[in-house]
Amino acid sequence: MLPYARQNVAEDDITAVAAVLRSAFLTQGPAIPRFEARVAECCGAKHAVAVSSATAGLHLACLALGLGAGRTLWTSPNTFVASANCARYCGAEVDFVDVEADSGNLCVAALAAKLAAAAAANRLPAVLVPVHFAGLPCAMAEIAALARAHGVAVIEDAAHALGANYRGGPVGDGRFSDCTVLSFHAVKIATTGEGGVVLTNRDDLAAHLRRLRTHGITREPHELTAPPEGPWCYEQVELGFHYRLTDIQAALGWSQLARLPEFLRRRRELAARYDSLLAGLPLALPARRSDRESSWHLYPVQLDLGRCGRSRSEVYTTLRAAGIGVNVHYLPVHLQPYYRRLGFKPGDFPAAEARYAATLTLPLFYGMTEAQQDAVVAALHAALRREESA
Ligand SMILES: *Cc1c(COP(=O)(O)O)cnc(C)c1O
């Protein structure tokens, strides 16, 4: 089966990891700050804080921004469950804002209307988490302006969007948010196996995130509550977590980031090739915007269900039977059983639900060959032609 995503590990990556395995530190050593410096540079951020996953990063970013019981986080329903779960870890409530039909990104008009209603009812959220779906940045200038006007903190879920850019700057440079969270899971743009990074330009948030990722413990003299009895002393000043990345993982990430321009170039090339090979089929291509460039984590098409005459499920099954590992992004988060138990139901976010019914993610990854891509296109042509004439 041709997978929808696949990591690419080269000899240089293996050499970098092997060097850590031969060194004095497997964790909490020099590979972490080296990786963090490279991520910060790639994304134009002042601080990068490496953590064990993007999920951990979202959790810590929520805590550092003061999310807790009695407060609410809003996010997109068209995302992985982690974008919402981070609020629940903090004891906070979750609500969703519907998406744009074409891009699957947070809809600015829906956000504006929901914020106005929430302001009138005195129920504004504390945190907003826009998700750069498939790697295409959200309309961050408009989203940030609305959030600022209502005093809402913003965490960008950029798990898909390492290397994407928006209005002349990289995603993660902090022009439009308090924090940006990246994922280095194996299916994402670049990998550490499992891993995440929180980017921020705020010194206070960076220091807090560093403390929270290691049990709430600090050795920073200005963070101690009393003069230390000796150089061995540390203080746990709050309840934190064990969310650190290892040096082994950081070395892999550092090496992968050296290859990021090449990863992005190839993904963009394959996406453009899909665009031209799929023209004319009864489907909508992934959205593009003139003021931003996707990192192409995913290549999601929207089937024109009226014109192909079959369900997405039938097209999915036909392609899988042909050895094409298509996927579906995403089952709307509010329809997961856990969120239904919290009161959400079908019909709550119609644009996200309509996208889900028609969407199909085609394989796209750095190491994919043009022959493999041609096989995907041929299988899709066959599946949709048969359905059109049926
Ligand atoms: C992958 C993903 C996450 C979680 O990333 P992990 O590193 O696996 O924790 C969060 N949000 C989105 C949108 C993702 O795709």
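Residues numbered from 1 in each chain as written. Predicted model: local features only at pLDDT ≥ 70, side-chain atom pairs only at ≥ 80, totals over all residues. Heavy atoms only, no water.

A. Quick peek at the site of the ligand. In the vicinity of the ligand, 15 residues are found, and the nearest of them are Thr 55, Asp 157, His 160, Ser 183 and Lys 188. The side chain of Thr 55 places a nitrogen or oxygen atom 2.5 Å from an oxygen atom of the ligand. For the ligand, an oxygen atom lies 2.7 Å from a polar atom in the side chain of His 160. Contact with the protein chains covers 92% of the free accessible surface of the ligand, which is 380 Å². (Near = heavy atom within 4 Å. Polar contact = N/O pair within 3.5 Å; in protein donor to acceptor, adjacent residues only side chain to side chain. Areas by Shrake-Rupley, 256 points an atom, 1.4 Å probe, with all protein chains shown as cover.)

B. Fine view of helix α8 (residues 247-258). In this model α8 runs 17 Å from its N-terminal to its C-terminal C-alpha over 12 residues, within 8% of the 16 Å that 1.5 Å per residue would give. In this structure, the buried residues of α8 make contact with α1 (11-21), α2 (31-43) and α9 (260-277). (Helix = DSSP H or I, 4+ residues; strand = E, 2+ residues; numbered from the N terminus. Expected span 1.5 Å × (residues − 1). Contact = heavy atoms within 4.5 Å.)

C. Geometry of unusual backbone geometry. Here the residue pair His 329 and Tyr 330 is connected by a cis peptide bond, since its omega of 0° sits within 30 degrees of zero. Relative to the assigned elements, Tyr 330 resides in the loop between α11 (312-321) and α12 (337-341). A positive phi angle, close to 70°, is found at His 215, a residue other than glycine. The topology assignment puts His 215 in the loop between α7 (203-212) and β10 (217-218).

D. Spotlight on the nonpolar core. Formed by 38 residues in total, the largest nonpolar core has its most connected members in Leu 67, Leu 73, Phe 96, Val 127 and Ile 155. Residue assignment for this core shows that the elements contributing at least two residues are β1 (47-51), α3 (54-64), α4 (82-89), β3 (93-96), β4 (127-129), β5 (153-157), β8 (179-183) and α7. When residues in this core are grouped by element, the largest group, seven residues, is from α3. In contact with Leu 67, not counting residues within four places along its chain, are Cys 62, Thr 72, Leu 73, Ala 87, Cys 90, Ala 92, Ala 126 and Val 127. One finds Ala 16, Cys 43, Leu 257 and Leu 260 within the second-largest nonpolar core, a separate group that totals 29 residues. (Core = buried A, V, L, I, M, F, W, Y, C linked by side-chain atoms within 4.5 Å. Buried < 20%, exposed > 50% of the residue type's maximum accessible area, 1.4 Å probe, protein only.)

E. Quick peek at the state of the cysteines. Tallied over the full model, the rule gives zero disulfides. Here Cys 42 is not disulfide-linked; the sulfur of Cys 43 is the nearest cysteine sulfur, at 5.8 Å. Classification of Cys 42 as partly exposed rests on a relative accessible area of 32%. (Disulfide = S-S within 2.5 Å.)

F. Representation of the pairing of strand β14 (residues 299-303). When you tally the buried positions in β14, you get five out of five residues, the bulk of the element. Neither face of β14 is exposed, since Tyr 299, Val 301 and Leu 303 on one face and Pro 300 and Gln 302 on the opposite face are all buried. With two bridges joining them, strand β12 (residues 283-284) and β14 adopt antiparallel strand pairing. Pairing of Leu 283 across the sheet is with Leu 303, part of β14. Of the pairings in the sheet, the one linking β14 to strand β15 (residues 359-362) comprises four bridges and is antiparallel in character. Across the sheet, Val 301 pairs through a bridge with Leu 360, a residue of β15. (Pairing = 2+ DSSP bridges.)

G. Fine view of the sheet that holds β14. Taken together, three strands build an open sheet; the order of strands is β12-β14-β15 and the sheet is antiparallel. Looking along the sheet, the strands with just one partner apiece sit at the ends: β12 and β15.

H. Focus on the packing of aromatic side chains. Throughout the structure, instances matching the rule amount to 12 aromatic pairs. When the ring of Phe 35 is compared with that of Phe 184, the centres are 5.3 Å apart and the planes differ by 75°; the resulting orientation is edge-to-face. In this pair, Phe 35 sits in helix α2 while Phe 184 sits in the loop between β8 and β9 (196-200), placing the two residues 149 residues apart along the sequence. Across the pair, exposure class does not vary: Phe 35 and Phe 184 are buried alike. Here Phe 344 and Phe 349 contribute two aromatic rings whose centre-to-centre distance is 6.5 Å and whose plane-to-plane angle is 45°, an arrangement assigned as tilted. Three or more aromatic residues joined by ring pairs form one cluster here, namely Phe 96, Tyr 338, Tyr 339, Phe 344 and Phe 349. The ring of Trp 254 carries the charged tip of Arg 34 above its face, separated from the ring centre by 4.0 Å. (Phe/Tyr/Trp six-rings, centres within 6.5 Å; stacked < 30°, edge-to-face > 60°. Lys NZ or Arg CZ within 6 Å of the ring centre and 35° of its normal.)

I. Structural view of the packing of helix α5 (residues 108-120) against helix α6 (residues 140-149). At their nearest, the axes of α5 and α6 sit 10 Å apart, and the two run at 5° to each other. Judged on the interaxial angle alone, α6 and α5 are roughly parallel. Contacts between α5 and α6 involve Val 108, Leu 111, Ala 112 and Leu 115 on the former and, on the latter, Glu 142, Ile 143 and Leu 146. Counted by class, the contact of α5 with α6 contains six nonpolar, no polar and one charged residues. (Axes fitted to C-alpha atoms, helices over the stretch in contact; angles between N-to-C directions. Parallel < 35°, antiparallel > 145°, perpendicular 65-115°, else oblique. Nonpolar A, V, L, I, M, F, W, Y, C, P; charged D, E, K, R; others polar.)

J. Looking closely at the environment of Leu 128. By secondary structure assignment, the location of Leu 128 is in strand β4. Each C-alpha atom of the pair Leu 128 and Leu 305 lies 33 Å from the other, and the pair is 177 residues apart in sequence. Sequence-distant contacts of Leu 128, defined by excluding residues within four places in its chain, comprise Trp 74, Leu 106, Leu 111, Ile 143, Val 152, Ala 153, Val 154 and Ile 155.

K. A look at the pairing of β5. With five of five residues buried, β5 lies mostly within the body of the structure. Where burial is concerned, the two faces of β5 agree: the one with Ala 153, Ile 155 and Asp 157 and the one with Val 154 and Glu 156 are both buried. Pairing of β4 with β5 involves two bridges; the strand directions are parallel. When the sheet's bridge partners are listed, Leu 128 is paired in β5 with Val 154.

L. Looking closely at the side chain of Glu 235. Considering the arrangement of structural elements, one finds Glu 235 in strand β11 (residues 235-236). There is no salt bridge for the buried Glu 235, and the closest opposite charge comes from Arg 211, which lies 9.1 Å off by N-O distance. Within polar-contact distance, the side chain of Glu 235 engages the backbone nitrogen of Thr 225 at 2.6 Å. In this structure the side chain of Glu 235 is engaged in a polar contact, spanning 3.4 Å, whose partner is the backbone nitrogen of Ala 226. Setting aside its immediate chain neighbours within four residues, Glu 235 contacts Gly 216, Ile 217, Thr 218, Glu 223, Leu 224, Thr 225 and Ala 226. (Lys, Arg positive; Asp, Glu negative; His and termini not counted. Salt bridge = Lys/Arg side-chain N within 4 Å of Asp/Glu carboxyl O.)

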